[in-house]
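Each chain is listed here by its residues.
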2 protein chains.
Amino acid sequence: MGAISLARKLELVDELWSPRIVANLNDYHVKIAKVRGEFVVHSHEETDELFLVLRGELTLRLPTGDVLLREGELFVVPKGIAHQPVAAEEAHLLMIEPAGTLNTGDAGGPLTSPATPI
Amino acid sequence: MGAISLARKLELVDELWSPRIVANLNDYHVKIAKVRGEFVVHSHEETDELFLVLRGELTLRLPTGDVLLREGELFVVPKGIAHQPVAAEEAHLLMIEPAGTLNTGDAGGPLTSPATPI
C-alpha cells in the first residue's frame, strides 16, 4: 500500500485506447490510458465520466461542440451525452468512473477493452 | 461547459486546507486544495478518499506508516482508516470523494471547511 505514480504506471502501458485500473475508490475505478487518433462515438447511459489529461492534448467531440483539454485540464462528460475522444498526437489520460463502465459505452465494437489492473 | 484548468482554479484559492469543488462526477465532488503544515488526524467512516498531488509533496500519516506522495502520485485512503495529511511546504491537491464528505471527517474542529464551488 503506497504511492501510485501515474507516470510510472503509464510506462507499463503499451496498447492505445486500453484503459488500465490503477486504484479503486469505493465502487469507482481510477484508470489510465494512452490514446492517439479517433475513438468511437459513444455514450454512457448510467454514469458521468471524468477525463483528466496528464500529457498531451485530448479533444472531446460533443453534440454541443468540441472541448479541448490540455495537460492539467479536466472535463466531466455528463451521463447519456455522446462523446468522441480524439487525439492528434499520443496523449495520456486519467479517467474515473464506476467499476464496470466500458470504454466504448453503448457503441461496443472492436475497440471495446474491459479495464484490467496494472 | 468547457475544460477545467486545475492550475487556473488553484490560482483562485487563497486559504489553506479549504477544499473547493471544481466538478461533479455523479454524486461525487472533484475538489482542489492548497495545504501546508499538519492537518488534523481524522477518518471517513463511510467512504474512501482519493488524493492526487498536483504540486509539491504530501505525506499521509497512516496507522501502517507514512505514505509520501510526490507530484503526479495518488493514493486512496480506505474508508475508516485514520489519516493525517502533512505538507512541509505548500502543496496543491486534487481530491475526489462523495459530495458532502467533510475535510475533517469524524474529527471535526476548527479546520472543518465545507467545500464550495470555485
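These figures come from a predicted structure and were not determined experimentally.

Draft legend 1. Local environment of the interface of chain B and chain A. Listed per partner, the contact involves 33 residues of chain B and 32 residues of chain A. With both sides pooled, the region where chain B packs onto chain A buries about 2500 Å², and carbon together with sulfur makes up 67% of that total. Scanning the region where chain B abuts chain A turns up 2 salt bridges. With a closest N to O distance of 3.2 Å, Glu73 of chain A and Arg8 of chain B form a salt bridge. Linking chain B with chain A are 12 residue pairs in polar contact (both at pLDDT 80 or more), by the criterion used here. Secondary structure elements with two or more residues in the side of chain B that touches chain A: β1 (4-5), α1 (6-11), β2 (20-25), β3 (28-38), β4 (49-55), β6 (65-69), β7 (73-77) and β8 (84-98) of chain B. Among the elements that line the side of chain B that touches chain A, the one with the most residues is β7 of chain B, at 4 residues.

Draft legend 2. Highlighting the relation of the copies chain B and chain A. The two copies are related by a screw motion: chain B maps onto chain A through a turn of 180 degrees and a shift of 0.0 Å along the axis, at an RMSD of 0.0 Å. Classification of the inter-copy transformation places it as that of a two-fold axis. Using C-alpha coordinates, one finds that chain B approaches the rotation axis most closely at Ile96 of chain B, a distance of 4.8 Å.

Analysis parameters
Residues numbered from 1 in each chain as written. Chains lettered and ligands numbered in written order. Predicted model: local features only at pLDDT ≥ 70, side-chain atom pairs only at ≥ 80, totals over all residues. Heavy atoms only, no water. Contact = heavy atoms within 4.5 Å. Buried area = accessible area lost by both parts, 1.4 Å probe. Salt bridge = Lys/Arg side-chain N within 4 Å of Asp/Glu carboxyl O. Polar contact = N/O pair within 3.5 Å; in protein donor to acceptor, adjacent residues only side chain to side chain. Helix = DSSP H or I, 4+ residues; strand = E, 2+ residues; numbered from the N terminus. Least-squares fit on C-alpha atoms with pLDDT ≥ 70 in both.

Purely geometric stuff here, so don't read any function into it on its own.
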